[in-house]
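Geometric and topological summary
Listed below, chain by chain, are the residues.
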Amino acid sequence: MSTIKSLFLHYRTLHTSARVLKKLKAAEQQWLQRQRKDPYVKASHNLNFRCRSAFKLLEIDDKFRLLQPGHAVVDCGAAPGAWSQVAVQRVNSAGTDPSAPRGTVVGVDLLHISSLDGAHFLPHHDVTDPSTHSKLQQLLPYGRAHVILSDMAPNASGFKELDCEKLISMCLTLIDLAERVLLPGGSLLCKYWDGPFSHSLQQKLSCKFGSVRTVKPNASRKDSSERYFLARMYRKPIK
Ligand SMILES: C[S@@+](CC[C@H](N)C(=O)[O-])C[C@H]1O[C@@H](n2cnc3c(N)ncnc32)[C@H](O)[C@@H]1O
């Protein structure tokens, strides 16, 4: 390659990297600004929740009363642990209220999760892996749960449809987990991204649960395609 051509290519690479860096910086600024203005971020700091998503579960639970003292709960995609914090409070798994039955919270994530009083965590575990289901079962009283929660989300690939499909396929494995641990009459709350594949998940859930509804809590950003399926009254298959 001639010296001039290689210099030109070098210059073009530098120029492109500078442009990409500028775009990244702008996106970071935008994210920081949104975080600063977000009332749920402020409230989560004030109330010591590990992240703003706590308010999504609080809102859903206030409306549908999923989590009762004494319940056993599995929290899938639990890191950093805000949903588990809510579940611990609501099922009394830290024994804060001595007059109420004491529940159980088991959280699982691919990532590390800092310990939390009242919760057992399985970090570095993949919820879609059947061997994780056995480990979860061992941590539950009598191997059974009243509620399965899932706020799991795959790393974004940048291709929206692909990400939606990936999340749906992850949610489908929760049906296998339910078959293993969910008590008859139990509930499953799972996050999905609205798209062409969500209907098939809804249909599969409807075959296994007495009722399935879509929930979009106020704390879920309006511009996000994030939704939750709340499936209730689990019909355990008879074997
Ligand atoms: C939106 S965050 C969950 C936030 C959590 N509900 C809270 O309140 O702290 C999504 C989590 O799903 C986890 N995740 C994604 N795929 C997973 C998988 N296959 N198994 C377990 N966790 C997974 C990610 O590591 C991430 O921590």
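Residues numbered from 1 in each chain as written. Predicted model: local features only at pLDDT ≥ 70, side-chain atom pairs only at ≥ 80, totals over all residues.

Rules: UniProt positions are given in the numbering used here, feature names are shortened, and annotations may be inferred rather than shown by experiment.
Per an unreviewed UniProt entry, the protein chain goes by rRNA methyltransferase 2, mitochondrial and derives from Mugilogobius chulae. For the protein chain, the Catalytic activity (unreviewed entry) comment in UniProt is given as "uridine(1369) in 16S rRNA + S-adenosyl-L-methionine = 2'-O-methyluridine(1369) in 16S rRNA + S-adenosyl-L-homocysteine + H(+)".

1. Focus: the environment of Asn 218
We apply this condition: Runs of H or I in DSSP of at least four residues are treated as helices and runs of E of at least two as strands, each being numbered from the N terminus.
Here Asn 218 lies in the loop between strand E6 (209-215) and strand E7 (226-234). The sequence separation of Asn 218 and Leu 201 amounts to 17 residues, and the corresponding C-alpha distance is 23 Å.

2. A short note on unusual backbone geometry
Following Ala 79, the chain continues into Pro 80 via a peptide bond in cis, with omega recorded as 0°. Tracing the sequence through the fold places Pro 80 in the loop between strand E1 (72-76) and helix H4 (82-91). Look at His 124: it is not a glycine, yet its phi comes out positive at around 55°. Looking at where His 124 falls in the secondary structure, it is placed in the loop between strand E3 (119-122) and helix H5 (130-139).

3. Regarding the UniProt feature "active site" (unreviewed entry) in the protein chain
Test applied: Exposure is read from a count of other C-beta atoms within 10 Å of each residue's own; the residue is exposed at 12 or fewer, buried at 20 or more and partly exposed in between. C-beta atoms are placed from the backbone.
When the UniProt feature table is mapped to this numbering, "active site" (unreviewed entry) covers Lys 191. Exposure remark for Lys 191: the 22 C-beta atoms within 10 Å place this residue in the buried category.

4. Here's the deal with the site of the ligand
Our working definition: In this text, near has one meaning. A residue is near a molecule or strand if its C-beta atom, placed using the backbone, is within 6 Å of it. By the convention adopted, Pro, Cys, Tyr, Trp, Phe, Met, Ile, Leu, Val and Ala count as nonpolar, Lys, Arg, Asp and Glu as charged, and the other residues, Gly among them, as polar.
Taken together, 23 residues lie around the ligand, and Gly 77, Ala 79, Ala 82, Val 127 and Asp 151 are the ones closest in. For the shell around the ligand, the residue count by class is 15 nonpolar, 4 polar and 4 charged.

5. A short note on the nonpolar core
A general tendency of soluble globular proteins is for nonpolar side chains to be buried together. Counted only if it meets this: What makes a nonpolar core is a set of buried Ala, Val, Leu, Ile, Met, Phe, Trp, Tyr and Cys residues, with links drawn between C-beta atoms within 7 Å. Contact definition: two residues whose C-beta atoms, as placed from backbone geometry, lie within 7 Å.
In terms of nonpolar packing, the biggest core is built from 55 residues, with Val 73, Val 74, Cys 76, Ala 87, Ile 148, Leu 149 and Leu 188 touching the most fellow members. Considering each element in turn, this core owes the most residues, 8 residues, to helix H6 (residues 160-181). In this view, Leu 149 contacts Val 73, Val 74, Asp 75, Cys 76, Trp 83, Ala 87 and Leu 189; residues no more than four positions away in its chain are not counted.

6. A few points about the UniProt feature "domain: Ribosomal RNA methyltransferase FtsJ" (unreviewed entry) in the protein chain
Residues annotated in UniProt with the feature "domain: Ribosomal RNA methyltransferase FtsJ" (unreviewed entry) correspond here to residues 49-232. In the segment residues 49-232, helix accounts for 35% and strand for 25%; the C-alpha atoms at its two ends are 27 Å apart.

7. What about the sheet that holds strand E4 (residues 145-150)?
The criterion, for reference: If DSSP finds at least two bridges between two strands, the strands pair. As a rule, the C-alpha atoms of each element are fitted with a line to give its axis, helices using only the stretch in contact, and angles between N-to-C directions run from 0 to 180 degrees.
Pairing is mixed across the open sheet formed by 7 strands, whose spatial order is E3-E2-E1-E4-E5-E7-E6. Sheet topology places E3 and E6 at the edges, where each strand pairs with a single neighbour. Strand-to-strand twist in this sheet, taken as the mean axis angle between neighbours without regard to direction, amounts to 15°. Here 6 bridges tie E6 to E7, and the two strands are oriented antiparallel to one another. Bridging across to E7, Phe 209 finds its partner in Tyr 234. Its contacts with the sheet place H6 against E1, E4, strand E5 (182-193) and E7, and it is angled at close to 170° to E5. Sitting on the sheet, helix H7 (residues 198-208) is in contact with E5, E6 and E7, with an inclination near 150° to E6.

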